[in-house]
Amino acid sequence: MSDAETADRAAGAAEPSDRRRERHGWYFYDFACSVYSTSVLTVFVGPYLTSVAKAAADADGFVHPLGIPLRAGSVFAYAVSASVVLAVLVMPLAGAAADRTGRKKPLLAVAAYLGATATAGLFFLEGDRYLLGALLLIVANASLTVSMALYNAYLPQIAAPGERDAVSSRGWAFGYTSGALVLVLDLALYTGHASFGLSESEAVRICLASAGLWWGAFTLVPLRRLRDRRVAPGGEGSVGSGWRQLRATLRDMRRHPLTLSFLLAYLVYNDGVQTVISQASVYGSEELDLEQTTLITAVLLVQVLAVAGALGMGRLARAYGAQRTILGSLAVWALILAAGYFLPAGAPVWFYALAAAIGLVLGGSQALSRSLFSHLVPPGKEAEYFAAYEMSDRGLSWLGPLVFGLAYQVTGSYRDAIISLVIFFALGFVLLARVPVRKAVAEAGNPVPDRI
């Protein structure tokens, strides 16, 4: 770490009021962007884009982008997978540029407002414009991923090692709170669309666009409160310099094999988490014949319980350690998917029960994974390493949606697609259990918390 960075960290530690202000601003980016994850990705865009693609399909149920025959029901999953590939190309450059220049905030602003604009543009998704919808989804999802890498890189700067589980969990709680609030408004608009003089399609498009407006509006709070840190002089701002920094980062990560072992485990099990989040509404509408109102209220239940789950699992981590708590959540995830395979069609009560279980483990498993990784990052490498983390979080989560889409492509059954995801949680459990986290923290050059 440079002398300038050391001095800046010391100054931050000496000014607790400034640090509290930053933390509150940091929480609000979760509050801003989580609406996209809940209202757009989890609830509305999957079933709606699928219906638009089906309207454009031929008699056999296939669309033909670039002459390639695809089942209309697989378009959404393939678009999510493609967005991840785009994010993989951009994220490392953004992380390297942020660490080299110390200017994470302008990069965060660009990614956030590009994603918010693309999300608002989903208002124009109608008729048979499935390609427009897929393109906007790809841009919005990739932008969210890049912005989250930059956002997460602030965590080591605003929280001491012993505080990170709690701070990270509060961030997720803020996000799930905003998701629940907006879903209530969406539910009121969708169920009462006729009284507002709107068609069902128009109500969905307004819900999609309003998520983009919310994302953009509340991003102003973190952009006002977060501050960039000084870095040592040197480096260029060119794209070529960014790629050279990326190669240097990858070489540096080889010096920390235990950090890489955690990333591998996280890549595997989080691929399953992200696929469940993005494909649950399609599974509910297409396989279980559930109405959109049921899906909205189920996801609302997830949001409410996820707040309690994130905070509750944060307390469990203080008692048992983050690693053990995450391992327990992965076992629950596998059971959830196994139960989901056997859910009867047209039975919303059982779908609500499954949503409740997801809510209790969703926020906590994600928040604790983020805080655990923050202990494994070498000082001064936060943005670069969190870019790699975000590649594991969302950026490399292309395999799950691809497997889900291919399973449906081949079998025509969403049940076969959903049960295939169990392997991600089982393998992730085994890989995470093998990581000696206390040794990994020490080898990264960080103080080892009393319980981790």
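For the structure, see preceding data.
Note that the coordinates shown come from a computational prediction; the quantities given were computed from them, not determined experimentally.

Enquirer: Please clarify how the overall build of the chain should be interpreted in this entry.
Expert: Looking only at helices and strands, the chain has 19 helices and two strands in total. Considering the chain as a whole, with its 452 residues, one finds that 58% of them fall into the buried category. Look at the contacts in the chain between residues 6 or more apart in sequence, and 84% of them connect residues 24 or more apart. A total of about 17,200 Å² of accessible surface is found on the chain, and carbon and sulfur atoms cover 65% of it.

Enquirer: Looking at this structure, how should I read the packing of aromatic side chains?
Expert: This structure, assessed with the given rule, holds 19 aromatic pairs. Geometrically, the ring pair formed by Y36 and W215 is tilted, given 5.6 Å between the ring centres and 45 degrees between the ring planes. On the criterion of sequence distance, the pair formed by Y36 in helix α2 (residues 16-56) and W215 in helix α8 (residues 200-218) is long-range, its members being 179 residues apart. In terms of burial, Y36 and W215 fall into one category: buried. Geometrically, the ring pair formed by F404 and Y414 is tilted, given 5.9 Å between the ring centres and 35 degrees between the ring planes.

Enquirer: Help me understand the nonpolar core, please; the structure alone is not making it clear to me.
Expert: A general tendency of soluble globular proteins is for nonpolar side chains to be buried together. By size, the foremost hydrophobic cluster in this structure holds 139 residues, and its most contacted members are W26, Y29, L137, W215, F262 and W333. For this core, the element with the most residues is α2, which contributes 17 residues. With sequence-adjacent residues up to four places away left out, F262 is seen in contact with Y269, S369, L372, F373, L376, Y389, L432 and V435.

Enquirer: Before we go on, may I ask you to explain helix α11 (residues 257-287) in this structure?
Expert: Residues spaced three or four apart along an α-helix face the same direction, because each turn holds 3.6 residues. Taking 1.5 Å as the rise per residue, α11 with 31 residues should run 45 Å; its terminal C-alpha atoms sit 42 Å apart, in good agreement. Within α11, the axis deviates most sharply at Q279, by approximately 50 degrees. For α11, the buried fraction is high: 24 of the 31 residues fall into the buried class. Just downstream of α11, D289 is the residue with a positive phi angle, here 55 degrees.

Enquirer: Hey, could you run me through α8 in this one?
Expert: Under the 1.5 Å per step criterion, the end-to-end length of α8 is 27 Å for 19 residues, consistent within 8% with the ideal 27 Å. Among the residues making up α8, those that are buried are A203, V204, R205, C207, L208, A209, A211, G212, W214, W215 and G216.

Criteria and thresholds
Residues numbered from 1 in each chain as written. Predicted model: local features only at pLDDT ≥ 70, side-chain atom pairs only at ≥ 80, totals over all residues. Heavy atoms only, no water. Helix = DSSP H or I, 4+ residues; strand = E, 2+ residues; numbered from the N terminus. Buried < 20%, exposed > 50% of the residue type's maximum accessible area, 1.4 Å probe, protein only. Contact = heavy atoms within 4.5 Å. Areas by Shrake-Rupley, 256 points an atom, 1.4 Å probe, with all protein chains shown as cover. Phe/Tyr/Trp six-rings, centres within 6.5 Å; stacked < 30°, edge-to-face > 60°. Core = buried A, V, L, I, M, F, W, Y, C linked by side-chain atoms within 4.5 Å. Expected span 1.5 Å × (residues − 1). Bend = angle between axes of the 7 residues up to and from the residue.

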